[in-house]
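# Understanding the architecture of this molecule
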Amino acid sequence: MNPRPKLLITRKVFPEVIERLAPYFDIDSNQDDDEWPRATLLARAADRDALFVVASDRVDPELLAACPRLRIVATGSVGYNHIDLAACGERGVVVSNTPDVLTEATADMAWALLMATARRVCESEHWLRAGKWGRWAFDQWLGADVYGTTLGIVGMGRIGSAVARRARGFEMRVLYHNRSRAPNEAELGAHRVELDELLREADHVVLVLPYSAATHHAIGARELAAMKPTATLVNIARGGIVDDAALVDALRAGRIAGAGLDVYENEPALHPGLLTVPNVVLTPHVGSATRSSRVGMAMLAAENLVAFATGAALPTPVATA
Ligand code: 8YV
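This write-up is about the structure you can find in this document. All values derive from a computational prediction rather than experimental measurement. (Residues numbered from 1 in each chain as written. Predicted model: local features only at pLDDT ≥ 70, side-chain atom pairs only at ≥ 80, totals over all residues. Heavy atoms only, no water.)

## Considering the sheet that holds strand E1 (residues 6–9)
Strand-to-strand pairing in sheets goes through backbone hydrogen bonds, with the strands running parallel or antiparallel. Read from one edge to the other, the open sheet built from six strands follows the order E2-E1-E3-E4-E5-E13, with strand pairing classed as mixed. Looking at strand neighbours, the two that pair on one side only are strand E2 (26–29) and strand E13 (317–318), the edges of this open sheet. Pairing geometry for strand E4 (residues 72–75) and strand E5 (residues 94–96), over three bridges, is parallel. Directly across from Ala74, in E5, lies its bridge partner Ser96. Relative to the sheet, helix H2 (residues 38–45) contacts E1, E2 and strand E3 (50–53), its axis offset from that of E1 by approximately 160°. (Pairing = 2+ DSSP bridges. Helix = DSSP H or I, 4+ residues; strand = E, 2+ residues; numbered from the N terminus. Contact = heavy atoms within 4.5 Å. Axes fitted to C-alpha atoms, helices over the stretch in contact; angles between N-to-C directions.)

## Points about the site of the ligand
Inspection of the region around the ligand gives Val54, Ala55, Gly76, Ser77, Val78, Gly79, Leu102, Arg238, His285, Ser288, Arg294 and Met297 as its neighbouring residues. Take Arg294: an N or O atom from its side chain is 3.2 Å from an oxygen atom of the ligand. For the ligand, the protein covers 86% of the area, taking 330 Å² as the surface of the free molecule. Split by residue class, the shell around the ligand holds five nonpolar, five polar and two charged. (Near = heavy atom within 4 Å. Polar contact = N/O pair within 3.5 Å; in protein donor to acceptor, adjacent residues only side chain to side chain. Areas by Shrake-Rupley, 256 points an atom, 1.4 Å probe, with all protein chains shown as cover. Nonpolar A, V, L, I, M, F, W, Y, C, P; charged D, E, K, R; others polar.)

## Brief notes about unusual backbone geometry
Cis geometry marks the peptide bond from Glu267 to Pro268; its omega dihedral reads 10°. Mapped onto the fold, Pro268 is located in the loop between strand E11 (258–261) and strand E12 (280–282). A positive phi is found at Arg120, a non-glycine position, where the angle reads about 55°. With respect to the helices and strands, the residue Arg120 is situated in the loop between helix H5 (103–118) and helix H6 (121–129). For His217, which is not glycine, the phi torsion reads 55° and is therefore positive. As for its placement among the helices and strands, His217 is situated in the loop between strand E9 (204–207) and helix H10 (221–226). Residue classification places His217 among the partly exposed positions, given a relative accessible area of 27%. (Buried < 20%, exposed > 50% of the residue type's maximum accessible area, 1.4 Å probe, protein only.)

## Observations regarding the sheet that holds strand E8 (residues 190–192)
Reading across the sheet, the seven strands line up as E8-E7-E6-E9-E10-E11-E12 and stay open at both edges, with parallel pairing between neighbours. Two strands lie at the open edges of the sheet, namely E8 and E12, each paired on one side alone. On average, each strand axis in the sheet is tilted by 20° relative to the strand beside it, whichever way the strands run.

## Here we look at helix H7 (residues 158–167)
Across the 10 residues that make up H7, a large majority, seven, are buried. Burial in H7 covers these residues: Ile159, Gly160, Ser161, Ala162, Val163, Ala164 and Ala167. In the core, the buried residues of H7 are packed alongside H5, strand E6 (150–154), strand E7 (173–177) and helix H8 (185–188).

## Focus on the pairing of E7
Looking at chain direction, E6 and E7 are connected through five bridges and run parallel. Considered in E7, the bridge of Ile153 is made with Tyr176. Following the chain from E6 across H7 to the adjacent parallel E7, one finds a crossover that is right-handed. Where E7 and E8 come together, three bridges link them in parallel fashion. From the neighbouring strand, Leu175 faces E8, where its bridge partner is His191. (Right-handed = clockwise from strand over helix to strand, strands pointing away.)

Distances and angles like these do not, on their own, reveal function.
Dropping the structure here:
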(Lines give C-alpha, C1' and ligand atoms only; values in the text may rest on other atoms or scores of the structure.)
Protein backbone atom coordinates (compact mmCIF):
# COMPACT_ATOMS: atom_id res chain seq x y z
CA MET A 1 0.00 0.00 0.00
CA ASN A 2 1.27 3.48 -0.87
CA PRO A 3 2.10 5.60 2.18
CA ARG A 4 -0.42 8.34 2.90
CA PRO A 5 0.51 11.71 1.37
CA LYS A 6 2.11 14.19 3.75
CA LEU A 7 0.07 17.29 4.54
CA LEU A 8 1.03 20.49 6.34
CA ILE A 9 -1.76 22.64 7.80
CA THR A 10 -0.21 26.04 8.51
CA ARG A 11 -2.86 27.42 10.87
CA LYS A 12 -5.31 26.29 13.53
CA VAL A 13 -8.48 24.88 11.97
CA PHE A 14 -11.62 23.35 13.47
CA PRO A 15 -11.36 19.84 15.04
CA GLU A 16 -13.86 18.39 12.56
CA VAL A 17 -11.59 19.48 9.72
CA ILE A 18 -8.64 17.55 11.17
CA GLU A 19 -10.96 14.56 11.65
CA ARG A 20 -12.01 14.73 8.00
CA LEU A 21 -8.40 14.82 6.80
CA ALA A 22 -6.82 12.35 9.23
CA PRO A 23 -7.75 9.11 7.38
CA TYR A 24 -6.15 10.35 4.17
CA PHE A 25 -3.01 12.18 5.23
CA ASP A 26 0.05 12.00 7.40
CA ILE A 27 -0.56 15.40 9.02
CA ASP A 28 1.82 17.97 10.43
CA SER A 29 -0.04 21.03 11.59
CA ASN A 30 0.10 24.23 13.56
CA GLN A 31 -2.85 23.67 15.91
CA ASP A 32 -1.22 25.91 18.52
CA ASP A 33 -1.57 28.66 15.90
CA ASP A 34 2.00 29.82 16.51
CA GLU A 35 3.25 32.69 14.40
CA TRP A 36 5.72 30.95 12.10
CA PRO A 37 8.63 32.88 10.67
CA ARG A 38 8.99 32.29 6.94
CA ALA A 39 11.94 29.92 7.55
CA THR A 40 9.72 27.69 9.72
CA LEU A 41 7.09 27.50 6.99
CA LEU A 42 9.73 26.57 4.41
CA ALA A 43 11.27 23.94 6.69
CA ARG A 44 7.98 22.36 7.77
CA ALA A 45 6.69 22.32 4.17
CA ALA A 46 9.89 20.84 2.69
CA ASP A 47 8.85 17.15 2.60
CA ARG A 48 5.11 17.72 2.06
CA ASP A 49 2.91 16.55 -0.82
CA ALA A 50 0.07 18.85 0.19
CA LEU A 51 -0.30 22.25 1.87
CA PHE A 52 -3.35 23.75 3.56
CA VAL A 53 -2.54 27.47 3.70
CA VAL A 54 -4.28 30.76 4.41
CA ALA A 55 -4.09 34.15 2.75
CA SER A 56 -1.10 35.29 4.80
CA ASP A 57 1.06 32.36 3.57
CA ARG A 58 2.91 33.41 0.41
CA VAL A 59 3.17 30.54 -2.04
CA ASP A 60 5.88 31.73 -4.41
CA PRO A 61 8.81 30.21 -6.37
CA GLU A 62 10.95 30.20 -3.21
CA LEU A 63 8.43 28.05 -1.33
CA LEU A 64 7.81 25.80 -4.34
CA ALA A 65 11.55 25.25 -4.75
CA ALA A 66 11.76 24.29 -1.08
CA CYS A 67 9.02 21.64 -1.52
CA PRO A 68 10.02 19.37 -4.41
CA ARG A 69 7.28 16.79 -3.62
CA LEU A 70 4.46 19.31 -3.47
CA ARG A 71 1.39 18.46 -5.60
CA ILE A 72 -1.47 20.51 -4.12
CA VAL A 73 -2.00 23.83 -2.37
CA ALA A 74 -5.45 24.25 -0.82
CA THR A 75 -6.03 27.76 0.47
CA GLY A 76 -8.68 28.41 3.10
CA SER A 77 -9.74 31.60 1.33
CA VAL A 78 -11.58 32.62 -1.78
CA GLY A 79 -8.81 35.08 -2.69
CA TYR A 80 -5.63 33.56 -4.10
CA ASN A 81 -3.43 36.57 -4.80
CA HIS A 82 -0.93 35.12 -2.28
CA ILE A 83 -0.34 32.16 -4.61
CA ASP A 84 1.85 32.37 -7.70
CA LEU A 85 -0.44 30.39 -10.00
CA ALA A 86 1.93 30.38 -12.96
CA ALA A 87 4.76 29.00 -10.82
CA CYS A 88 2.41 26.31 -9.43
CA GLY A 89 1.29 25.43 -12.96
CA GLU A 90 4.87 25.08 -14.17
CA ARG A 91 5.62 22.61 -11.38
CA GLY A 92 2.38 20.67 -11.80
CA VAL A 93 1.03 21.82 -8.43
CA VAL A 94 -2.76 22.10 -8.36
CA VAL A 95 -4.49 24.85 -6.39
CA SER A 96 -7.92 25.14 -4.80
CA ASN A 97 -9.78 27.97 -3.04
CA THR A 98 -13.07 28.36 -1.12
CA PRO A 99 -15.71 30.23 -3.15
CA ASP A 100 -19.45 30.43 -2.31
CA VAL A 101 -19.31 29.33 1.34
CA LEU A 102 -18.32 32.85 2.44
CA THR A 103 -20.35 34.89 -0.04
CA GLU A 104 -23.31 35.82 2.15
CA ALA A 105 -21.32 36.43 5.34
CA THR A 106 -18.93 38.70 3.46
CA ALA A 107 -21.78 40.60 1.78
CA ASP A 108 -23.36 41.07 5.22
CA MET A 109 -20.08 42.55 6.42
CA ALA A 110 -20.00 45.00 3.51
CA TRP A 111 -23.37 46.25 4.68
CA ALA A 112 -22.28 46.34 8.32
CA LEU A 113 -19.38 48.62 7.36
CA LEU A 114 -21.49 50.69 4.97
CA MET A 115 -24.17 51.34 7.58
CA ALA A 116 -21.73 51.93 10.42
CA THR A 117 -19.71 54.36 8.33
CA ALA A 118 -22.65 56.24 6.81
CA ARG A 119 -24.41 56.63 10.16
CA ARG A 120 -21.22 57.22 12.17
CA VAL A 121 -21.99 54.36 14.55
CA CYS A 122 -18.44 53.89 15.84
CA GLU A 123 -17.53 57.58 16.05
CA SER A 124 -20.63 58.41 18.07
CA GLU A 125 -20.24 55.33 20.24
CA HIS A 126 -16.66 56.28 21.16
CA TRP A 127 -17.87 59.78 22.03
CA LEU A 128 -20.65 58.35 24.20
CA ARG A 129 -18.27 55.93 25.97
CA ALA A 130 -15.94 58.84 26.64
CA GLY A 131 -18.73 60.40 28.71
CA LYS A 132 -19.21 63.31 26.31
CA TRP A 133 -22.98 62.95 25.79
CA GLY A 134 -24.32 65.88 27.75
CA ARG A 135 -27.52 66.50 25.83
CA TRP A 136 -29.35 65.73 22.61
CA ALA A 137 -29.23 68.20 19.71
CA PHE A 138 -30.87 68.42 16.30
CA ASP A 139 -27.57 68.61 14.46
CA GLN A 140 -25.73 65.98 16.49
CA TRP A 141 -23.89 63.19 14.65
CA LEU A 142 -25.57 63.76 11.33
CA GLY A 143 -24.71 60.98 8.93
CA ALA A 144 -25.48 60.05 5.35
CA ASP A 145 -28.73 58.58 4.06
CA VAL A 146 -28.59 54.99 2.90
CA TYR A 147 -32.20 54.26 1.89
CA GLY A 148 -33.01 55.47 -1.60
CA THR A 149 -29.45 56.53 -2.45
CA THR A 150 -27.02 55.28 -5.11
CA LEU A 151 -24.76 52.32 -4.42
CA GLY A 152 -21.64 51.76 -6.53
CA ILE A 153 -20.17 48.26 -6.52
CA VAL A 154 -16.70 47.81 -7.95
CA GLY A 155 -16.30 44.15 -8.93
CA MET A 156 -19.48 42.21 -9.66
CA GLY A 157 -18.67 38.59 -8.89
CA ARG A 158 -20.44 36.41 -6.36
CA ILE A 159 -19.94 38.73 -3.40
CA GLY A 160 -20.67 41.88 -5.41
CA SER A 161 -23.96 40.32 -6.57
CA ALA A 162 -24.85 39.40 -2.99
CA VAL A 163 -24.17 43.01 -1.92
CA ALA A 164 -26.39 44.25 -4.79
CA ARG A 165 -29.22 41.88 -3.86
CA ARG A 166 -29.36 43.36 -0.37
CA ALA A 167 -29.59 46.87 -1.85
CA ARG A 168 -33.06 46.11 -3.19
CA GLY A 169 -34.42 46.26 0.35
CA PHE A 170 -33.01 49.78 0.62
CA GLU A 171 -34.58 50.74 -2.73
CA MET A 172 -31.23 51.95 -3.99
CA ARG A 173 -30.07 52.68 -7.51
CA VAL A 174 -27.23 50.20 -8.10
CA LEU A 175 -24.31 50.97 -10.40
CA TYR A 176 -21.47 48.56 -10.89
CA HIS A 177 -18.13 48.46 -12.60
CA ASN A 178 -16.75 45.16 -13.81
CA ARG A 179 -14.57 44.01 -16.69
CA SER A 180 -17.45 42.02 -18.15
CA ARG A 181 -21.21 42.50 -18.01
CA ALA A 182 -22.76 40.61 -15.08
CA PRO A 183 -25.13 37.97 -16.50
CA ASN A 184 -27.52 38.62 -13.60
CA GLU A 185 -27.58 42.43 -13.92
CA ALA A 186 -31.27 42.55 -14.88
CA GLU A 187 -32.26 40.41 -11.89
CA LEU A 188 -30.12 42.63 -9.66
CA GLY A 189 -31.42 45.84 -11.20
CA ALA A 190 -27.79 46.94 -11.55
CA HIS A 191 -26.33 49.13 -14.30
CA ARG A 192 -22.80 48.71 -15.60
CA VAL A 193 -20.84 51.96 -15.88
CA GLU A 194 -17.24 53.08 -16.19
CA LEU A 195 -15.35 53.48 -12.90
CA ASP A 196 -15.22 57.29 -13.18
CA GLU A 197 -18.98 57.53 -13.60
CA LEU A 198 -19.55 55.18 -10.67
CA LEU A 199 -17.26 57.24 -8.44
CA ARG A 200 -18.95 60.49 -9.49
CA GLU A 201 -22.49 59.20 -9.00
CA ALA A 202 -22.40 56.84 -6.03
CA ASP A 203 -23.28 57.86 -2.48
CA HIS A 204 -21.70 54.66 -1.21
CA VAL A 205 -18.91 52.78 -2.96
CA VAL A 206 -18.20 49.15 -2.09
CA LEU A 207 -15.02 47.46 -3.34
CA VAL A 208 -15.38 43.73 -4.00
CA LEU A 209 -12.78 43.06 -6.67
CA PRO A 210 -9.87 40.64 -6.50
CA TYR A 211 -6.37 42.01 -5.91
CA SER A 212 -3.82 41.71 -8.69
CA ALA A 213 -1.12 43.85 -10.27
CA ALA A 214 -3.90 45.33 -12.41
CA THR A 215 -6.02 46.38 -9.42
CA HIS A 216 -3.12 47.65 -7.26
CA HIS A 217 -4.12 51.15 -6.06
CA ALA A 218 -7.21 51.07 -8.29
CA ILE A 219 -8.54 53.60 -5.76
CA GLY A 220 -5.92 56.30 -5.28
CA ALA A 221 -5.84 60.08 -4.95
CA ARG A 222 -7.44 60.70 -8.36
CA GLU A 223 -10.31 58.28 -7.78
CA LEU A 224 -10.96 59.55 -4.25
CA ALA A 225 -11.08 63.11 -5.58
CA ALA A 226 -13.70 61.99 -8.12
CA MET A 227 -16.05 60.81 -5.35
CA LYS A 228 -18.71 63.00 -3.76
CA PRO A 229 -17.52 64.76 -0.58
CA THR A 230 -20.54 63.20 1.13
CA ALA A 231 -19.74 59.66 -0.06
CA THR A 232 -18.55 56.66 1.91
CA LEU A 233 -16.06 54.03 0.74
CA VAL A 234 -16.11 50.40 1.90
CA ASN A 235 -13.31 47.92 1.23
CA ILE A 236 -14.01 44.27 2.04
CA ALA A 237 -11.87 42.95 -0.81
CA ARG A 238 -8.10 43.20 -0.33
CA GLY A 239 -5.56 45.64 0.97
CA GLY A 240 -3.58 47.22 -1.84
CA ILE A 241 -6.66 47.92 -3.97
CA VAL A 242 -6.88 51.21 -2.05
CA ASP A 243 -3.86 53.46 -1.66
CA ASP A 244 -4.13 53.79 2.13
CA ALA A 245 -1.91 56.91 2.30
CA ALA A 246 -4.10 58.64 -0.29
CA LEU A 247 -7.19 57.55 1.61
CA VAL A 248 -5.90 59.03 4.86
CA ASP A 249 -5.25 62.33 3.03
CA ALA A 250 -8.74 62.27 1.48
CA LEU A 251 -10.41 61.58 4.84
CA ARG A 252 -8.40 64.30 6.56
CA ALA A 253 -9.21 66.82 3.84
CA GLY A 254 -12.90 65.89 3.83
CA ARG A 255 -12.74 64.85 0.17
CA ILE A 256 -14.99 61.92 1.13
CA ALA A 257 -17.17 61.62 4.23
CA GLY A 258 -15.89 58.33 5.61
CA ALA A 259 -14.55 54.85 5.00
CA GLY A 260 -15.32 51.39 6.33
CA LEU A 261 -12.31 49.12 5.99
CA ASP A 262 -11.84 45.43 6.66
CA VAL A 263 -8.58 45.05 4.73
CA TYR A 264 -5.35 47.05 4.54
CA GLU A 265 -2.06 47.33 2.71
CA ASN A 266 0.55 45.46 4.82
CA GLU A 267 -2.00 44.06 7.28
CA PRO A 268 -1.96 43.35 10.16
CA ALA A 269 0.03 46.62 10.23
CA LEU A 270 -2.11 49.67 9.57
CA HIS A 271 -1.17 52.97 8.00
CA PRO A 272 -0.75 55.02 11.21
CA GLY A 273 -2.94 57.79 9.80
CA LEU A 274 -5.94 55.47 9.75
CA LEU A 275 -5.84 55.27 13.53
CA THR A 276 -5.97 59.04 13.88
CA VAL A 277 -8.76 59.99 11.47
CA PRO A 278 -12.14 59.82 13.19
CA ASN A 279 -14.33 59.11 10.16
CA VAL A 280 -13.25 55.51 9.56
CA VAL A 281 -14.64 52.22 10.78
CA LEU A 282 -11.84 49.67 11.04
CA THR A 283 -12.26 45.90 11.38
CA PRO A 284 -9.49 43.27 11.38
CA HIS A 285 -10.18 41.29 8.15
CA VAL A 286 -13.33 39.65 9.50
CA GLY A 287 -15.46 39.70 6.34
CA SER A 288 -15.99 35.95 6.39
CA ALA A 289 -15.87 35.61 10.17
CA THR A 290 -19.04 33.78 11.08
CA ARG A 291 -18.77 30.27 12.45
CA SER A 292 -20.69 28.70 9.57
CA SER A 293 -18.70 30.57 6.97
CA ARG A 294 -15.27 29.87 8.48
CA VAL A 295 -16.10 26.19 9.12
CA GLY A 296 -17.41 26.04 5.55
CA MET A 297 -14.16 27.51 4.21
CA ALA A 298 -11.90 25.18 6.19
CA MET A 299 -14.05 22.17 5.32
CA LEU A 300 -14.07 23.06 1.62
CA ALA A 301 -10.28 23.29 1.66
CA ALA A 302 -10.30 19.85 3.32
CA GLU A 303 -12.68 18.43 0.67
CA ASN A 304 -10.30 19.57 -2.04
CA LEU A 305 -7.46 17.80 -0.23
CA VAL A 306 -9.51 14.62 0.22
CA ALA A 307 -10.38 14.69 -3.49
CA PHE A 308 -6.67 14.99 -4.27
CA ALA A 309 -5.84 12.07 -1.97
CA THR A 310 -8.53 9.84 -3.47
CA GLY A 311 -7.87 10.76 -7.09
CA ALA A 312 -11.21 12.55 -7.52
CA ALA A 313 -11.79 15.89 -9.26
CA LEU A 314 -11.19 18.86 -6.96
CA PRO A 315 -14.53 20.52 -6.04
CA THR A 316 -13.17 24.07 -6.36
CA PRO A 317 -9.94 24.18 -8.35
CA VAL A 318 -8.24 27.42 -9.40
CA ALA A 319 -6.85 27.45 -12.96
CA THR A 320 -3.06 27.60 -12.88
CA ALA A 321 -2.36 27.77 -16.62
C1 8YV B 1 -10.26 34.94 4.83
C2 8YV B 1 -10.55 36.30 2.69
O3 8YV B 1 -10.77 34.94 6.10
O4 8YV B 1 -11.36 34.35 1.68
C5 8YV B 1 -10.69 35.35 1.55
O6 8YV B 1 -10.11 35.65 0.48
O7 8YV B 1 -10.08 37.36 2.53
C8 8YV B 1 -11.05 35.97 4.05
O9 8YV B 1 -12.36 35.52 3.95
C10 8YV B 1 -8.80 35.13 4.92
O11 8YV B 1 -8.23 35.43 3.73
C12 8YV B 1 -8.16 33.88 5.55
O13 8YV B 1 -7.38 33.11 4.68
